[in-house]
Amino acid sequence: AGQDDKIVSNVVIMGDDSLLLKYINPNLIVIITQSDAKDDSGYSTIHVNIVDSVSAKVIYRASHEEAGGPVSSIVIENNIVVAYWNNKAKRTEISSISLYEGMIDKHSLGPYGFSNGKHSRHMEQAKEAFSSFSHEIPIAMQKTYVMPRKVLTLQYSITSRGISNKDILVALDNGQIFVLDRRQINPRRPINPPMPREKEEGLMQYLPYVFMNPTQCVTFNSTLPTTRPIGMHTTPALLESTTMILTHGLDVHFVRMSSSRGFDLLAPDFNYGLLLLILAGMAIALHTVRNMAKTKALNAGWK
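First, a word on what this report is: a plain description of the structure on this page. (Residues numbered from 1 in each chain as written. Predicted model: local features only at pLDDT ≥ 70, side-chain atom pairs only at ≥ 80, totals over all residues. Heavy atoms only, no water.)

The next point concerns the pattern of salt bridges. Tallied over the entire structure, the rule returns seven salt bridges. One salt bridge in this structure joins lysine 22 and glutamate 77, with 2.7 Å as the shortest N-O distance. Linking lysine 22 in strand S2 (residues 19-22) with glutamate 77 in the loop between strand S6 (67-76) and strand S7 (79-86), this pair joins segments that are 55 residues apart in sequence. Of the charged contacts, one joins arginine 188 and glutamate 201 as a salt bridge, the two residues approaching to 2.5 Å between their closest N and O atoms. Of this pair, arginine 188 sits in the loop between strand S14 (177-180) and helix H2 (196-201) while glutamate 201 sits in helix H2, placing them 13 residues apart in sequence. Overall, the relative accessible area of 13% leaves arginine 188 in the buried class. What makes glutamate 201 partly exposed here is its relative accessible area of 23%. One continuous salt-bridge network, built from bridges that share partners, spans Lys22, Glu77 and Lys166. (Salt bridge = Lys/Arg side-chain N within 4 Å of Asp/Glu carboxyl O. Helix = DSSP H or I, 4+ residues; strand = E, 2+ residues; numbered from the N terminus. Buried < 20%, exposed > 50% of the residue type's maximum accessible area, 1.4 Å probe, protein only.)

Now for the pairing of strand S12 (residues 151-156). Among the six residues of S12, five are classified as buried, and the element is accordingly described as predominantly covered. Looking at chain direction, S12 and strand S13 (residues 168-172) are connected through five bridges and run antiparallel. Bridging across to S13, valine 151 finds its partner in leucine 172. (Pairing = 2+ DSSP bridges.)

To continue, consider the sheet that holds S14. The sheet built from three strands is open, its strands ordered S12-S13-S14 with antiparallel pairing. Two strands close off the open sheet at either side, each with one partner strand: S12 and S14. On average, adjacent strands in this sheet sit at an angle of 25 degrees to one another, irrespective of strand direction. (Axes fitted to C-alpha atoms, helices over the stretch in contact; angles between N-to-C directions.)

So, about unusual backbone geometry. A cis amide bond links glycine 69 with the next residue in sequence, proline 70, at an omega value of 5 degrees. If you check the backbone angles, alanine 56 has positive phi at about 65 degrees while not being a glycine. Following the sequence through the fold, alanine 56 ends up in the loop between strand S4 (45-52) and strand S5 (58-65). Residue classification places alanine 56 among the exposed positions, given a relative accessible area of 60%. Phi angles above zero are rare outside glycine, and glutamate 77 is one such case at about 55 degrees.

Looking now at the environment of serine 258. Inspection of the secondary structure assignment puts serine 258 in the loop between strand S17 (252-257) and helix H3 (272-302). On the basis of relative accessibility, which here comes to 34%, the residue serine 258 falls in the partly exposed class. With 232 residues separating them in the primary sequence, serine 258 and proline 26 have C-alpha atoms 26 Å apart. Here the side chain of serine 258 touches serine 241 through a polar contact of 3.4 Å, landing on its backbone oxygen. (Polar contact = N/O pair within 3.5 Å; in protein donor to acceptor, adjacent residues only side chain to side chain.)

Within the element layout of this structure, lysine 57 appears in the loop between S4 and S5. Given a relative accessible area of 28%, lysine 57 falls into the partly exposed group. Taking C-alpha positions, lysine 57 is 32 Å from proline 236, a pair spaced 179 residues apart along the chain. Contacts of lysine 57, omitting those with residues within four sequence positions, involve Ile50, Val51, Asp52, Ser132, Phe133, His135 and Ile137. Only 3.1 Å separates the side chain of lysine 57 from the backbone oxygen of phenylalanine 133, close enough to count as a polar contact. (Contact = heavy atoms within 4.5 Å.)

Let us now look at the nonpolar core. With 21 residues, the main nonpolar core has Met147, Leu154, Ile168, Val170, Leu180 and Ile185 as its most contacted residues. Sorting the residues of this core by element identifies S6, S7, S12, S13 and S14 as the ones contributing at least two each. Not counting the four nearest positions on each side in its chain, valine 170 is found in contact with Met147, Val151, Thr153, Leu154, Gln176, Ile177, Phe178, Leu180 and Met232. The next biggest cluster of nonpolar side chains, apart from the first, holds 13 residues, and it includes Ile46, Val48, Ala67 and Ile97. (Core = buried A, V, L, I, M, F, W, Y, C linked by side-chain atoms within 4.5 Å.)

The structure is reproduced here in structure tokens:
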């Protein structure tokens, strides 16, 4: 996660009002290595290592056989996303990993904190500053998804206060930048049809294929040449709803994006005249009522 990244909540509220505690570690780094084939297939294997850069602990490790470059990864709060090329299937796959410290049942919370001592460990950890040496290894959830096109690099949107959705920006081999909703690659998507509590949370049934909406292309009708590596940088704007995206390679492309729509912006057809008229009317009414109150108080004093 970048230094400008803001985290609004450290928990995920589940459909039954239970809480999933996110594993937020500012020292996480992703190290990806590649090993040669062990058989006659000729396909290599990549290893995704999530490491604490302070304590050198391996938080999570996963291997993807028959995989190779290009490889790109990002860390968004407690979510790690890795895109790689499957040499055997000839397609790009995305490995989505989420890290959690544990869960708090809905009956374990009361108006004064935890109602029993079962989750006192989470309370103590919440009070103390995060330590890479004493914190426990988190629980990892992982699922793999298939992209329709080859992915060159990944990035994600950043806002000034972190209230807006954090979407994933995907640079494809056709020179376009698409916005991928993180809910599409949520590793908690159920294999079976979702239960009512999962529907309440908005979880969809797991499908390995990611469907990308053409209207979610932030490059619009522009195409970035892919003869050079494409790099993406995001930075927050003054408005919470807006992220600024700079993409560079052979060409440079700049665009503003609103992940959660312009909830802090007025509509272009907003009636400013009516608003000024209402404010003026309220000011006149307030002045009139104040004078009436003063007159009434003065008359009551002379009686």
